[in-house]
Structures are given as structure tokens and as C-alpha cells.
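# A look at the structure
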Amino acid sequence: RGALLGYDWPSAGGVLLYSQDRAHSEASVQPFCEFLLGLRHACNAWGARLNLVCHSMGNHLATLAGEAFLSQNQGIPLADTLLMLAPDVTSGLFDTDSSGNVLGAGGAGLCAMCSKIEVFYSRTDGALKASEGLEHPDDPRLGRVGPSGPLPAGVAATDASKAPYRIRNHGGYLTERAVRLWSDRLR
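Let me sum up the structure you'll find in this document. (Residues numbered from 1 in each chain as written. Predicted model: local features only at pLDDT ≥ 70, side-chain atom pairs only at ≥ 80, totals over all residues. Heavy atoms only, no water.)

### A short note on the nonpolar core
Counting 29 residues, the largest nonpolar core has Leu-82, Met-84, Phe-94, Leu-110, Met-113 and Ile-117 as its most contacted members. Listing elements by their share of this core, those giving two or more residues are helix H2 (29–46), strand S1 (51–55), helix H3 (58–71), strand S2 (79–85), helix H4 (105–113) and strand S3 (114–121). One finds Ala-86, Ala-178, Trp-182 and Leu-186 within the second-largest nonpolar core, a separate group that totals 12 residues. (Core = buried A, V, L, I, M, F, W, Y, C linked by side-chain atoms within 4.5 Å. Buried < 20%, exposed > 50% of the residue type's maximum accessible area, 1.4 Å probe, protein only. Helix = DSSP H or I, 4+ residues; strand = E, 2+ residues; numbered from the N terminus.)

### Comments concerning the pattern of salt bridges
A full pass over the atoms with the stated rule returns 8 salt bridges. Notably, a salt bridge pairs Asp-159 with Arg-123, separated by 4.0 Å at the nearest N-O pair. Linking Asp-159 in strand S4 (residues 155–159) with Arg-123 in the loop between S3 and helix H5 (126–135), this pair joins segments that are 36 residues apart in sequence. Between Asp-139 and Arg-141 there is a salt bridge whose closest N-O contact spans 3.0 Å. Classification of Asp-139 by relative accessible area gives partly exposed; the value is 25%. (Salt bridge = Lys/Arg side-chain N within 4 Å of Asp/Glu carboxyl O.)

### Examining unusual backbone geometry
Working note: non-glycine residues mostly have negative phi, and peptide bonds are mostly trans. In this structure, Pro-164 follows Ala-163 across a cis peptide bond, with omega equal to 5°. Here Pro-164 is to be found in the loop between S4 and helix H7 (176–185). The residue Ala-86 is not glycine, and still its phi comes out positive at about 50°. Mapping Ala-86 onto the fold places it in the loop between S2 and H4. Of note, Arg-166 is a non-glycine position whose phi angle comes to about 55°, a positive value. Summarising the element assignment, Arg-166 is placed in the loop between S4 and H7.

### Examining the sheet that holds S3
The pairing of strands in a sheet comes from backbone hydrogen bonds and takes either a parallel or an antiparallel form. The parallel open sheet is built from 4 strands, whose spatial order is S1-S2-S3-S4. Pairing within the sheet leaves two strands with one partner each, and these edge strands are S1 and S4. Shown here is a sheet whose adjacent strand axes are inclined to one another by a mean of 15°, direction ignored. As paired elements, S3 and S4 share 5 bridges and run parallel to each other. (Pairing = 2+ DSSP bridges. Axes fitted to C-alpha atoms, helices over the stretch in contact; angles between N-to-C directions.)

Structure representation (C-alpha cells):
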């Protein structure tokens, strides 16, 4: 039930163009924030929930939007639930201090922007392993290794390489079967 809307930033669509893709996603932050804000207002008017599903570098864009949200001191979350599928972001995104506060602006911003966050990762994701090798040799990707430490309240992580998901590759998150499983998480 509900409406499904897509937001697509201008990906170059090639492994060797990773840096260009990253720059394009970073240049899309302001339009994405405006899109989310308009969508939140529409959902409020309709009495509807706003759930976000981000795949791969789309999570990088969402993290930057979270930073912008945090810097604007928005009081109420923009989204009800964020599903992070194969997130191409640092595994330490949600690292916390001894009081449970998220250390980095990206993770803190996502926690402020979304009421609930679910991270899905697969240790068999070869595309994210390549991403690490290209740009992040000392920084494992959250979508490949999972979180690096305990998670803050409102954030959960699932190894999607295990049942019932059994995601084996980067595109496996977008199969019809997997989409049904993600949809069930948003009810």
C-alpha cells in the first residue's frame, strides 16, 4: 500500500567511475534535502508515513542529508524508517561514545532524521569490496562488514547474507523476492 517514489542522482554507472559517482551524489545533497522536506510535508497532509530505502551509494547521499538535517537543528524526524541496503559508507557510521551518543555528524544526523534505521549488509558483497579497494582501503564499508561496534538506540543491523534474505551480491538486494522482504519491514 502507498505510493512508491524514486530519487535518482546522476550516477556514471561504472566501477572505474566510482570517484565521479561519489562527487555526483555529493552534489545532489541540497536537491535531495528539498525533495525529502517537500515529501514530508505532503505525507503530513495525507496522514501518511515516509519510509526511505537507500541502496549502495544512495546511503552516502542520505548520510550527507542527515548531516545537513542535523546542522539545521530540525526538531522532528523527516522519515519514519530508513532501510540501508548495502550501504557504501564507513562501518563506523554509528560508532558511539560511552554515553551512547553517535560520534560522527553523518550517523548522528541520520539518527535525528529518521525515527528508526535498519542496516542490511552482506559479507559476500564483491562490489563493496571493490569500493574499499578503490577509495577506502583502510575503511571497511558498512554494507560489507556490518557495524564496527554497538549501535545506538533506534538502529539495528542484519547480516543479509543469512536466512531469510540470503543476499550474495550487490544487486541481490533488488530482486523481486528481496523487495517483498524489505516491504514487510516497513509495515
